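# Structure assessment
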Amino acid sequence: MTDKRSDKDLLDGRLLFAIPKKGRLHEKCLELLSGADIQFRRHNRLDVCLVMNHPMALVFLPAADIPSFVGNGDVDLGITGHDVILEAGMQDQITEIHRLGFGKCALQVQTPEHGPFKSVEDLAGKRVVTSFDVIAGAYFAEIDERLNLTGDKKTKIQYVGGSVEAACALGLADGIVDLVESGDTMRAAGLHAIATVLQTEAVLIKSNAPHRAHHAPLIDLMASRIAGVLAAAKYVICEYNIRRQSISQAAAITPGRRAPTISPLEAEGWVAISSMVEKKNIANTMDQLVEIGAEDLMVFNLDNCRV
């Protein structure tokens with residue numbers, strides 16, 4: 001009993017932040033925490049560990065459980081998939097603070113590539129196997145209603161916990177609803193997509209009914225830090241020199257988030273410009289700058305920022 005009381009005492013007054021304990025989101029979450037300077041040591045793969053530089057504790061949970069813990073106010077912050085929130089039916093009890101840009105997948109309706117079902121209307125009324133029976137049930141309920149399918153003619157949704165892609169080959173289903181990232185697994189199983197139910201990715205969430213309202217400033221601070229990490233991954237700094245008469249053209253190419261920084265050079269008629277540019281566009285941006293006479297172009301990665 002003494003150990004249990006000691007553990008509880010250590011957590012008293014701390015913000016609780018739920019992180020997926022394994023799976024496709026876990027490693028990316030650890031990278032995000034590191035970028036936000038959330039320092040911790042997880043001893044012996046324990047499911048709870050203290051943050052050393054903030055009054056916080058990390059709670060490692062199955063991703064599917066995180067929406068309920070956060071939505072019920074038992075945990076203050078969490079990271080999980082948008083699809084997991086909908087499947088748990090917790091979308092009205094949590095707020096999605098940030099979409100995090102990783103764990104991107106599509107929840108799709110898949111059928112045998114050479115089978116008779118080419119659309120969801122073809123599949124309606126048949127057998128569908130999925131790990132997302134709540135989302136799939138609601139999706140096909142709308143289609144059944146639109147097609148006036150009632151009683152035994154409604155689509156039959158069956159839950160399975162894994163290996164969903166094998167259901168059609170085993171004769172257990174006419175189609176499936178499952179997450180697709182690259183599509184390689186589905187193609188290997190002889191399946192193809194006939195509809196996309198939703199696009200999903202990892203999200204940072206907080207409770208709409210927190211039990212510890214005094215943590216609001218720390219929640220805002222963590223949200224701001226994570227937003228900085230996300231922006232740093234999205235943007236680079238582009239610096240270059242250009243003739244003063246070309247400033248308007250240069251500013252149109254590199255407008256920055258608010259405006260570019262323009263500094264005079266000792267060389268008469270020249271200025272230096274510094275601007276944040278989306279990383280995915282930097283090659284085209286540099287090509288355009290060279291075309292209008294920009295020189296000495298340099299690009300710098302961001303470790304962190306606030307925007």
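Residues numbered from 1 in each chain as written. Predicted model: local features only at pLDDT ≥ 70, side-chain atom pairs only at ≥ 80, totals over all residues. Heavy atoms only, no water.

- Looking at an unreviewed UniProt entry, one finds the chain named ATP phosphoribosyltransferase, with Suillus fuscotomentosus as its source organism.
- Per UniProt, the comment on the chain under Pathway (unreviewed entry) is "Amino-acid biosynthesis; L-histidine biosynthesis; L-histidine from 5-phospho-alpha-D-ribose 1-diphosphate: step 1/9."
- Taken from UniProt, the Catalytic activity (unreviewed entry) comment for the chain reads in full: "1-(5-phospho-beta-D-ribosyl)-ATP + diphosphate = 5-phospho-alpha-D-ribose 1-diphosphate + ATP". (UniProt positions renumbered as here; feature names shortened; annotations may be inferred.)

### Focus on the environment of alanine 169
- In this fold, alanine 169 is placed in the loop between strand E8 (156-159) and strand E9 (175-180).
- With relative accessibility at 71%, the residue alanine 169 sits in the exposed group.
- Taking the C-alpha atoms as reference, alanine 169 lies 7.7 Å from alanine 189; in sequence the two are 20 residues apart. (Helix = DSSP H or I, 4+ residues; strand = E, 2+ residues; numbered from the N terminus. Buried < 20%, exposed > 50% of the residue type's maximum accessible area, 1.4 Å probe, protein only.)

### What about the side chain of aspartate 144?
- Within the secondary structure, aspartate 144 sits in helix H6 (residues 133-146).
- No salt bridge is formed by the buried aspartate 144; the nearest opposite charge belongs to lysine 154, separated by 6.3 Å.
- Ignoring anything within four residues of it in the chain, the contact list for aspartate 144 reads Ala124, Gly125, Leu149, Lys154 and Thr155. (Lys, Arg positive; Asp, Glu negative; His and termini not counted. Salt bridge = Lys/Arg side-chain N within 4 Å of Asp/Glu carboxyl O. Contact = heavy atoms within 4.5 Å.)

### Side note on the sheet that holds strand E5 (residues 94-99)
- Strand order in the open sheet formed by six strands is E2-E3-E1-E4-E11-E5, with mixed pairing between adjacent strands. In this open sheet, the two edge strands, each paired with only one partner strand, are strand E2 (48-50) and E5. Taking the axes of each pair of neighbouring strands and ignoring which way they run, one obtains an average angle of 30° across the sheet.
- Pairing analysis gives three bridges linking E2 to strand E3 (residues 56-61), with the strands arranged antiparallel. The residue of E3 that forms the bridge with leucine 50 is alanine 57.
- Running at roughly 30° to E5, helix H8 (residues 216-234) makes contact with strand E1 (15-20), E3, strand E4 (77-81), E5 and strand E11 (202-207) of the sheet. (Pairing = 2+ DSSP bridges. Axes fitted to C-alpha atoms, helices over the stretch in contact; angles between N-to-C directions.)

### Remarks on the pattern of salt bridges
- Under the defined criterion, the tally for this structure stands at eight salt bridges.
- Residue lysine 21 pairs with aspartate 47 through a salt bridge whose shortest N-O separation is 3.2 Å. One end of the pair, lysine 21, is in the loop between E1 and helix H2 (26-35); the other, aspartate 47, is in the loop between H2 and E2, with 26 residues separating them in the sequence.
- For lysine 21, a relative accessible area of 25% puts it in the partly exposed group.
- One salt bridge connects glutamate 278 with lysine 280, and the closest N-O pair in it is separated by 3.8 Å.
- Salt bridges sharing common partners tie together Lys21, Arg42 and Asp47.

### Here we look at the UniProt feature "domain: ATP phosphoribosyltransferase catalytic" (unreviewed entry) in the chain
- The UniProt entry lists residues 63-227 under the feature "domain: ATP phosphoribosyltransferase catalytic" (unreviewed entry), expressed in the numbering used here.
- Secondary structure content for residues 63-227 is 29% helix and 30% strand, while the C-alpha to C-alpha distance between its ends is 21 Å.

### A short note on the nonpolar core
- Ranked by internal contacts, the top residues of the largest apolar core, which has 26 residues, are Phe17 and Ile79.
- Counting only elements with at least two residues in this core, the list comes to E1, H2, E3, E4, E11 and H8.
- The leading source of residues in this core is H8, at six residues.
- With sequence-adjacent residues up to four places away left out, isoleucine 79 is seen in contact with Phe17, Ala18, Ile19, Pro20, Cys29, Leu32, Ile66, Leu100, Ala202, Val203 and Leu204.
- One finds Val109, Ala124, Leu149 and Ile194 within the second-largest nonpolar core, a separate group that totals 18 residues. (Core = buried A, V, L, I, M, F, W, Y, C linked by side-chain atoms within 4.5 Å.)

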